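Chain residues, written in single-letter form:
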Amino acid sequence: MPIPPELHVFETPHWLVNHRTNSALPGYLMIGSKRFAGDLSELEDEALLELGPLMAKAQRALGQELKAERVYIGRYGHMPGHSIHFHVIPIYGWVEALFWQDERYRMLNTFAEGPGETATDGAELTFFVWREFCEGSAPPPIQGPSVTEVVERLREAFRPGPRR
C-alpha cells in the first residue's frame, strides 16, 4: 500500500521514513525498507549500514524537535505483503499522563507477579498508543502541534546540512 506523499519525512536509497498513516499521535514514524524483504538478513549490506544512523536521526529529531521524553523503536509486524519496517514511537509527558488517567489500563498490573522495575514500561505505553491513537475511532486530544505540522518540522530536522 503506497504511503501518501504528504506523510513522507525523509528518504535514503534504501529506506523511507514516514509518519504512520493511521496514527493521530504526532511524530509516530515508520522506517520501511524500499526493497521488499521479510527480515534483516535479506537486505543488502548498504541498506543495513543506513539503518542504524537513520534510527538515531529519528530518535534525535523526536527528542530535540518534539520534546519526546522517550522514543521506542521496534519491529512488530508480521503481516503478509509488508516489507520489513520499524516503528518509531514518541512518548511525550502528556501521553504518559493520559495512560495513567485511563483506569482500563490498570488491568495490566494484574499480569505481573511482582513489582516492576518502573511504574510502567515500554510495552504498556506502546499498547496504549496503538489502541488509543492508531486503532481507536476517537483518539484522545493531542497536545502540541498537529500531525501535519510535525511532518513539516521533521522534514526540516532530517534535511542534511546546517539547520535554519
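Bear in mind the structure is a predicted one, so any value in this text is a computation, not a measurement.

Turning our eyes to something else, we now look at the sheet that holds strand E5 (residues 85-91). Strand order in this open sheet of five strands is E1-E2-E3-E5-E4, and the pairing throughout is antiparallel. The sheet terminates laterally at strand E1 (8-11) and strand E4 (70-74), the two strands that pair on one side only. Strand-to-strand twist of the sheet, defined as the mean angle between neighbouring strand axes without regard to direction, takes the value 20°. When strand E3 (residues 29-33) meets E5, the two strands line up antiparallel, connected through four bridges. Paired with Gly 32 across the strands is His 85, a residue of E5. Here helix H1 (residues 45-66) sits on the sheet and contacts E1, strand E2 (15-19), E3, E4 and E5; the angle it forms with E3, its principal contact strand, is near 170°. The strands touched by helix H4 (residues 147-158) within the sheet are E1, E2 and E3, with E1 carrying the most contacts at an inclination of about 20°.

Our focus in this paragraph is unusual backbone geometry. Residues other than glycine seldom take positive phi values, yet Lys 67 does so here, at roughly 60°. Within the fold, Lys 67 resides in the loop between H1 and E4. Lys 67 sits in the exposed class, given a relative accessible area of 59%.

Glancing now at H1. The end-to-end C-alpha distance of H1 is 31 Å, a good match for the 32 Å that 22 residues give at a rise of 1.5 Å each. Remark: the principal bend of H1, roughly 25°, maps to Leu 51, with a proline, Pro 53, within the next four residues. The complete set of buried residues in H1 reads Ala 47, Glu 50, Leu 51, Leu 54, Met 55, Ala 58, Ala 61, Leu 62, Glu 65 and Leu 66. Summarising the contacts, the buried residues of H1 are in contact with E1, E2, E3, E4, E5 and H4. One or two positions beyond H1, positive phi appears at Lys 67, with a value near 60°.

A word on the packing of helix H2 (residues 93-101) against helix H3 (residues 122-135). Two elements in contact, H2 and H3, have axes whose closest approach is 10 Å; the angle formed by their N-to-C orientations is 85°. The angle between the axes of H2 and H3 places the two elements in the roughly perpendicular class. Residues Trp 94, Val 95, Glu 96, Leu 98 and Phe 99 of H2 touch H3, and the partners they reach there are Glu 124, Leu 125, Phe 128, Val 129 and Phe 133. In the contact of H2 with H3, the residues fall into eight nonpolar, no polar and two charged.

Turning to the pattern of salt bridges, a few remarks are in order. Tallied over the full model, the rule gives seven salt bridges. Between Lys 34 and Glu 11 there is a salt bridge, with the nearest N and O atoms lying 2.8 Å from each other. Taken together, the residues Lys 34 in the loop between E3 and H1 and Glu 11 in strand E1 connect sequence positions 23 residues apart. The residue Glu 132 makes a salt bridge to Arg 104 at a minimum N-O spacing of 2.8 Å. Residue Glu 132 is located in helix H3, and its partner Arg 104 is located in the loop between H2 and H3; the two are separated by 28 residues in the primary sequence. According to the relative accessible area criterion, Glu 132 is buried, its value standing at 13%. Three or more residues are tied together by salt bridges with common partners; here these are Asp 102, Arg 104 and Glu 132.

Volume-wise, the largest pocket comes out at about 730 Å³. Taken together, 26 residues form the lining of the largest pocket, with Ile 3, Met 30, His 82, Ser 83 and His 85 sitting closest to its centre. Secondary structure elements with two or more residues in the lining of the largest pocket: E2, E3, E5 and H3. Across the lining of the largest pocket, the residue classes break down as nine nonpolar, 13 polar and four charged.

Rules behind the numbers
- Residues numbered from 1 in each chain as written.
- Predicted model: local features only at pLDDT ≥ 70, side-chain atom pairs only at ≥ 80, totals over all residues.
- Heavy atoms only, no water.
- Pairing = 2+ DSSP bridges.
- Helix = DSSP H or I, 4+ residues; strand = E, 2+ residues; numbered from the N terminus.
- Axes fitted to C-alpha atoms, helices over the stretch in contact; angles between N-to-C directions.
- Contact = heavy atoms within 4.5 Å.
- Buried < 20%, exposed > 50% of the residue type's maximum accessible area, 1.4 Å probe, protein only.
- Expected span 1.5 Å × (residues − 1).
- Bend = angle between axes of the 7 residues up to and from the residue.
- Parallel < 35°, antiparallel > 145°, perpendicular 65-115°, else oblique.
- Nonpolar A, V, L, I, M, F, W, Y, C, P; charged D, E, K, R; others polar.
- Salt bridge = Lys/Arg side-chain N within 4 Å of Asp/Glu carboxyl O.
- 1 Å grid on protein atoms, 1.4 Å probe; cavity = no way out; pocket = protein on both sides within 12 Å on 5 of 7 lines; lining within 4 Å.
- Points joined across faces, edges and corners; volume = space filled by probe spheres on them.

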